[in-house]
Amino acid sequence: QVHLVESGGGSVQAGGSLRLSCASSGYTYSSACMGWFRQAPGKEREGVATIYTIYAGGDYTYYADSVKGRFTISQDNAKNTVYLQMNSLKPEDTAMYYCAVQTVGGSWYQCSRQERADFGYWGQGTQVTVSS
């Protein structure tokens, strides 16, 4: 089965930056969509950013409105790793961040929706804390 391991979380001051990494292994099938989600205490897990690969044409990326212009998702296929570069961090970005692999659907549309029910494999999460 698929195993995902996140890293790169930590504590930063508002306005700072962090880069999260998600290393994947153990694939039994390929997925065109991977994403980052986050969950703060007492709140639902929400999509942050997803990346959809079109092998002949590159990648398409999708972002929640709350992070557009500040976060960037990217991937290194050779390293089986997905990244989330987070800049201009705000206290409201504080959450546990999870990497996930889409297992339902397979089109760019399902990837762009960032619905957690469409993602069947999840990492253990990495904590991001932003202080004011």
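Criteria and cut-off values
Along every chain, residues carry numbers that run from 1 in the direction the sequence is written. For a predicted model such as this one, the threshold for reporting local features is a pLDDT of at least 70, and the threshold for listing and counting side-chain atom pairs is 80 or more; totals across whole chains, interfaces and linings nevertheless cover every residue. Side-chain descriptors were evaluated using all non-hydrogen atoms of the structure, hydrogens and water having been removed beforehand. Any carboxyl oxygen of Asp or Glu within 4 Å of a side-chain nitrogen of Lys or Arg constitutes a salt bridge here. A run of H or I in DSSP counts as a helix once it spans at least four residues, and a run of E counts as a strand once it spans at least two, with each numbered from the N terminus. A 1.4 Å probe rolled over the protein chains alone gives each residue an accessible area, and that area as a share of the maximum for its type sets the label: buried under 20%, exposed over 50%, partly exposed in between.

Engineer: Describe the pattern of salt bridges, listing the residues and the values that go with them.
Structural biologist: One pass over the full model with this rule turns up 7 salt bridges. Glu44 is paired through a salt bridge with Arg116; the nearest N and O atoms lie 4.0 Å apart. Remark: Arg116 occurs in the loop between helix H1 (108-113) and strand S10 (119-122) and Glu44 occurs in the loop between strand S4 (33-39) and strand S5 (46-54); sequence separation between them is 72 residues. We classify Glu44 as exposed; its relative accessible area is 60%. On the basis of relative accessible area, Arg116 is assigned to the partly exposed category, the value being 41%. Linking Glu115 and Arg113 is a salt bridge whose minimum nitrogen-to-oxygen distance equals 3.4 Å. If you follow the salt bridges from partner to partner, you end up with Arg38, Glu46, Arg70 and Asp93 in one network.

Engineer: Explain unusual backbone geometry to me, and be specific about the residues and the numbers.
Structural biologist: Residue Ser88 is not a glycine yet carries a positive backbone phi of 50 degrees. Locating Ser88 in the fold gives a position in the loop between strand S8 (81-86) and strand S9 (95-102). With a phi angle near 55 degrees, Gln114 is a residue other than glycine that sits in the positive phi range. You can see Gln114 is positioned in the loop between H1 and S10. Judged by its relative accessible area of 11%, Gln114 falls in the buried class.

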